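Structural features, examined
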Amino acid sequence: MTPPLPQARPGSVSGWVHSVETGGTVDGPGIRYVLFMSGCPLRCLYCHNPDTQHMHDGTRTTSAEVLDDIALYATFLKRAHGGLTLSGGEPLVQPEFAAAILRGAKALGLHTALDTSGFLGNHADDHLLEDVDLVLLDIKAFSEKTYRHLTGVPLRPTLEFAERLAGMNKRIWLRYVLVPNLTDDAAEIDGLAEFVAGLGVVDRVDVLPFHKMGEHKWKALGRKYMLTNTEPPSRELVERVRGQFQAQGLRAD
């Protein structure tokens, strides 16, 4: 017999979760509880979590149940100068669920981070963003043509979200995945670096070398991985791109 789906307690919100990492070290400062939420409107060619794209492929739960689990780690996370990061998928596919978890995390005294493409930034109202200390913003390309080819969606909503965050003085860590012959155009990167520097709220830029560690997931889903023949960027290319961001006065790692 199929067990009943969890019901939200009063004040709780139902949602869909892919997985949890309780010792994350790359999704914000310190050691973090990383909640990978299900659902994403982008179809990135290099997606390393294609199994998170459809919301109902995740596990249904409630914000209260998630917060009960986070509370078990809260003391440790605070001592480790960490906190909670909502990732995915795309957390803003489920804004009410995300907002309830962020509000609860702040009540626990935790630092909070939102890892997002920004494409659904209009789903994040000011109340949700008030409970976000840091946005990990993935700007995947800086020309409309490249961005649409890479993700299947337009670029402008992400740039508008970045500008909105700047207007709120919300701190940003920019993430840029460097893919040879796809996102390595020097002129595009110069344009992005200038845009990001102009926001005035970007504390660091993470230039992330492309990898194929998620390729096996595409195969398991019976889907063709389009970047099979693409190699990771050379050390020289990574350093060139970091230098382009640094030339605009940005910290780039």
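Residues numbered from 1 in each chain as written. Predicted model: local features only at pLDDT ≥ 70, side-chain atom pairs only at ≥ 80, totals over all residues. Heavy atoms only, no water.

Per an unreviewed UniProt entry, the protein is named Pyruvate formate-lyase-activating enzyme, and its organism is Azospirillum lipoferum. UniProt lists a comment for the protein under the heading Subcellular location (unreviewed entry), and it reads "Cytoplasm". The Catalytic activity (unreviewed entry) comment attached to the protein in UniProt states, word for word, "glycyl-[formate C-acetyltransferase] + reduced [flavodoxin] + S-adenosyl-L-methionine = glycin-2-yl radical-[formate C-acetyltransferase] + semiquinone [flavodoxin] + 5'-deoxyadenosine + L-methionine + H(+)". (UniProt positions renumbered as here; feature names shortened; annotations may be inferred.)

1. Points about the environment of histidine 211
Its place among the elements puts histidine 211 in the loop between strand 8 (202–209) and helix 7 (215–220). As for histidine 211 and proline 232, which are separated by 21 residues in sequence, their C-alpha atoms are 5.7 Å apart. Those residues in contact with histidine 211 that sit more than four places away from it in its chain are His48 and Tyr225. A polar side-chain atom of histidine 211 sits 3.1 Å from the main-chain amide nitrogen of methionine 213. (Helix = DSSP H or I, 4+ residues; strand = E, 2+ residues; numbered from the N terminus. Contact = heavy atoms within 4.5 Å. Polar contact = N/O pair within 3.5 Å; in protein donor to acceptor, adjacent residues only side chain to side chain.)

2. Here we look at the pattern of salt bridges
This structure, assessed with the given rule, holds 15 salt bridges. Note that aspartate 133 is salt-bridged to lysine 106, the shortest N-O span being 2.7 Å. Of this pair, aspartate 133 sits in the loop between helix 3 (126–130) and strand 6 (134–138) while lysine 106 sits in helix 2 (residues 95–107); the two residues are 27 residues apart in sequence, bridging distant segments of the chain. For the salt bridge of lysine 212 with glutamate 231, the shortest nitrogen-to-oxygen distance reads 3.9 Å. With lysine 212 in the loop between strand 8 and helix 7 and glutamate 231 in the loop between helix 7 and helix 8 (235–246), this residue pair connects regions lying 19 residues apart in the sequence. For lysine 212, a relative accessible area of 25% translates into the label partly exposed. Because the salt bridges share partners, they merge into one network encompassing Arg204, Asp206, Arg251 and Asp253. (Salt bridge = Lys/Arg side-chain N within 4 Å of Asp/Glu carboxyl O. Buried < 20%, exposed > 50% of the residue type's maximum accessible area, 1.4 Å probe, protein only.)

3. Regarding helix 8
Taking 1.5 Å of rise per residue, twelve residues should cover 16 Å, and helix 8 covers 16 Å from first to last C-alpha, within 8% of that figure. Turning to helix 8, its buried residues number three or more, namely Leu237, Val238, Val241, Gln244 and Phe245. With its buried residues spanning 120° around the axis, helix 8 presents them on a single face. Opposite the buried face of helix 8, by more than 90 degrees, sit the exposed residues Arg235 and Glu236. The secondary structure elements touched by the buried residues of helix 8 are strand 7 (171–178), helix 6 (186–199) and strand 8. (Expected span 1.5 Å × (residues − 1). Arc of directions from axis to C-beta.)

4. Some thoughts on the pairing of strand 5 (residues 111–116)
As a general feature of sheets, a regular strand has side chains that alternate between the two faces. Across the six residues of strand 5, five count as buried, placing the element largely inside the fold. Handedness of the strand 4 (residues 83–87)-helix 2-strand 5 crossover: right-handed. Across four bridges, the pairing between strand 5 and strand 6 is parallel. Paired with alanine 113 across the two strands is leucine 134, which belongs to strand 6. (Right-handed = clockwise from strand over helix to strand, strands pointing away. Pairing = 2+ DSSP bridges.)

5. Some words on the state of the cysteines
Under the definition given, this model contains zero disulfides. With no disulfide partner, cysteine 40 has as its closest neighbouring cysteine sulfur the one in cysteine 44, 6.3 Å distant. Take cysteine 40: its relative accessible area is 17%, and that puts it in the buried class. Left unpaired, cysteine 47 is separated from the closest cysteine sulfur, that of cysteine 44, by 6.3 Å. (Disulfide = S-S within 2.5 Å.)

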